[in-house]
Amino acid sequence: MPDTEAILAELARLSSADLPTRGGRTLAYVHDPGLPGLDDLATAAHAAFARVNALDMTVFPSVVQLENDVVSFAARLLGGDAATRGSFTSGGTESILLAVKAARDHARAVRGVTEPELVVPDTAHVAFRKAARYLGLRLVTVPTDPVSCTPDPADLAAALTDRTALVAVSAPSYAHGVLDPVAETAAAAAERGVWCHVDACVGGMVLPFLRRLGRDLPDFDLSVPGVCSLSVDLHKYGFADKGASVVLYRDAELRRHQYFASAEWPGYPVVNPTAQGSRSAGPLAAAWAVVRRLGEEGYTGLVATAVRATEEIAAGVGAVPGLRVVGSPVATLLCVASEEADPLHVADEMRARGWFVQPQLSFGAHRRNLHLTVTPATAPQVPALLADLAESVRAAAALPSPNPDPALAAAVAGLDADALSAEELAQVMASIGVDPEKGALPSRMAPLLALLDAAPLPLRERFLTEFVGLLFSGSGA
Ligand SMILES: Cc1ncc(COP(=O)(O)O)c(C=O)c1O
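Residues numbered from 1 in each chain as written. Predicted model: local features only at pLDDT ≥ 70, side-chain atom pairs only at ≥ 80, totals over all residues. Heavy atoms only, no water.

(A) Inspection of the overall build of the chain at higher detail. When you go through the chain residue by residue, the secondary structure sums to 16 helices and 13 strands. Relative to a compact globule of 477 residues, whose C-alpha radius of gyration would be 23 Å, the chain shows 23 Å and is just as compact. Across the 477 residues in the chain, those meeting the buried criterion constitute 50%. Contacts spanning at least 24 positions in sequence make up 74% of the contacts within the chain whose residues lie at least 6 apart. A total of about 21,700 Å² of accessible surface is found on the chain, and carbon and sulfur atoms cover 57% of it. Computing the positive centroid from 38 side-chain charges and the negative centroid from 53, the chain places the two 3 Å apart. (Helix = DSSP H or I, 4+ residues; strand = E, 2+ residues; numbered from the N terminus. Rg over C-alpha atoms; globule rule 2.2 N^0.38 Å. Buried < 20%, exposed > 50% of the residue type's maximum accessible area, 1.4 Å probe, protein only. Contact = heavy atoms within 4.5 Å. Areas by Shrake-Rupley, 256 points an atom, 1.4 Å probe, with all protein chains shown as cover. Lys, Arg positive; Asp, Glu negative; His and termini not counted. Charge placed at Lys NZ, Arg CZ, Asp CG, Glu CD.)

As structure tokens, this is what we get:
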């Protein structure tokens, strides 16, 4: 049996190729408050509750108190009142799945909607597409303006029908960091008796503090008439570890449709407020501890730092020839268009200089670009980031296009997404020098991403599925 030291050394070796989660140079996926001591607190709180099973709150009553505290904190912050109720979930996707399920079941119970539809701007987070596919709703997308990246509220209102179970808007959107028209959409929804959800997964722990700092922002939260539910992630700008989000409802009657209870089996009586059954109370305890340490004052300071850094980066981006910020971002996310150098090359060049900026592929009227999630830990490094970005753009502009040659692009476009075989996929991968069976991804991702970008959307999805399926090759062999 290997000893503890050997096993931990093995884990450390396995994580050595991962992007750094701390240090402010990874501008997506992770949220570093840059505060000494906070990680130690979260780790200790997580460890203390790691083995508590939140499945049964009657035998582990601590989880009730912890969850009520965290939900109340979020509700007070986001326009809730004494009637507001909520749940702690594993992340934004689960919060959204649950809100969509609650709205679907509510629409059936109250309005008799049997063929439910979900209306979103085309920039909505993919979690809504996932919810529609998982939960059997027809997704209705409303195109956004390619310049502002927001939908026209009149278009959203016009998409509402008697079948609409819910409409969802973002505060702000992930891809562009812009605020959707919340008040107008909620009013149109209320007029038709339709549920309105606000996806504040990424902005819910930023926008209220920006207001506190004196920023004038349109209303976006539960205080807006017609908003029925709202999702806010603590594992993003709440600076809790992953596995922490809250979904809020205007009242207990709306939340009731989220719960699952069943007496139809021979085991113990089951009520699952959220999607999971057994679940560790570790993430909840860690989130509770972080919220308790930071409080409103702590968050206000962190948001001030992150927003200042975002604005400095935005100003610096504007000064680099060929780069510009897309839309009018309101918080700590930036979408950067690169017109002279291919953004996929720029991302690779940044990676070579020790930064991760996230490539986003073309979609509808939106061209491929770069996404930056800015956190407080990046603030002291903004000058270095901007210098490396300018260098990266220069280097990327000198490279040949990453796009597949026209013959390969045409061959790819002609593939049938439903009938793609493993051999065809391997051939396509080999043509750009990738062997996924070896497990290692290329150090330069531009050719792979450009190939994906050349494929029609269903084929992109099939490629992604097959490619990741090849990576996860654990088997009984
Ligand atoms: C606006 C928005 N909604 C939903 C999500 C999904 O959250 P998660 O990745 O925690 O499931 C994200 C994640 O970035 C987001 O930015």
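(B) Fine view of the pairing of strand S4 (residues 164-170). The buried count for S4 comes to 7 of 7 residues, which makes it a mostly enclosed element. Here S4 runs beside strand S5 (residues 195-199); their pairing, made up of 5 bridges, is parallel. Its bridge partner lying in S5, Ala168 is registered against His197. (Pairing = 2+ DSSP bridges.)

(C) A look at the nonpolar core. Ranked by size, the top nonpolar core spans 66 residues in total, and within it Met205, Leu234, Val246, Leu248 and Tyr299 carry the most contacts. Here this core spans two domains, and each of domain 1 (44-291) and domain 2 (295-397) adds at least three residues to it. For Val246, the contacting residues outside a window of four places in its chain are Val70, Val71, Ala74, Ser87, Phe88, Ser95, Leu230, Ser231, Val232 and Leu234. Core analysis: the next-biggest nonpolar cluster, separate from the first, contains 26 residues, Ala99, Val113, Ala131 and Leu137 among them. (Core = buried A, V, L, I, M, F, W, Y, C linked by side-chain atoms within 4.5 Å. Domains from an automatic or database assignment.)

(D) Summary view of the sheet that holds strand S10 (residues 323-325). Across the sheet, 4 strands lie side by side as S10-S11-S13-S12; this open sheet has antiparallel pairing. Across the chains shown, the open sheet's two edge strands, defined by having one partner strand only, are S10 and strand S12 (358-360). In this sheet, neighbouring strand axes are inclined to one another by 35° on average, regardless of whether the strands run parallel or antiparallel. In this sheet, strand S11 (residues 333-338) lies alongside S10 in antiparallel orientation, the contact comprising 3 bridges. Across the sheet, Leu323 pairs through a bridge with Ser338, a residue of S11. (Axes fitted to C-alpha atoms, helices over the stretch in contact; angles between N-to-C directions.)

(E) Summary view of helix H12 (residues 382-397). Taking 1.5 Å of rise per residue, 16 residues should cover 22 Å, and H12 covers 22 Å from first to last C-alpha, within 8% of that figure. The complete set of buried residues in H12 reads Val382, Leu385, Leu386, Asp388, Leu389, Ala390, Ser392, Val393 and Ala396. Those residues of H12 that are buried lie in contact with helix H10 (282-318), S10 and helix H11 (343-352). (Expected span 1.5 Å × (residues − 1).)

(F) Layout of the pattern of salt bridges. If you walk through the whole model with that rule in mind, you get 22 salt bridges. Asp105 is paired through a salt bridge with Arg104; the nearest N and O atoms lie 2.9 Å apart. On the basis of relative accessibility, which here comes to 21%, the residue Asp105 falls in the partly exposed class. The structure contains a network of salt bridges with shared partners spanning Glu349, Arg353, Glu391, Arg394 and Arg444. (Salt bridge = Lys/Arg side-chain N within 4 Å of Asp/Glu carboxyl O.)

(G) Structural detail: the packing of aromatic side chains. Across all of its chains, the model carries 7 aromatic pairs by this definition. With centroids separated by 5.5 Å and ring planes inclined at 25°, the aromatic side chains of Phe209 and Tyr299 adopt a geometry described as stacked. Within this pair, whereas Phe209 is found in helix H8 (residues 207-212), its partner Tyr299 is found in helix H10, the two being separated by 90 residues in sequence. Each ring, one from Tyr237 and one from Phe239, has its centre 5.9 Å from the other, and the planes form 80°; the classification is edge-to-face. A residue is classified by how much of its surface remains accessible, and Tyr237, at 2% relative accessible area, is buried. Pairwise contacts between aromatic rings join Phe73, Phe209, Tyr237, Phe239 and Tyr299 into one cluster. The aromatic ring of Trp355 is capped on one face by Arg25, whose charged end is 4.0 Å from the ring centroid. (Phe/Tyr/Trp six-rings, centres within 6.5 Å; stacked < 30°, edge-to-face > 60°. Lys NZ or Arg CZ within 6 Å of the ring centre and 35° of its normal.)

Everything listed is a geometric property; what it means functionally is a separate question.
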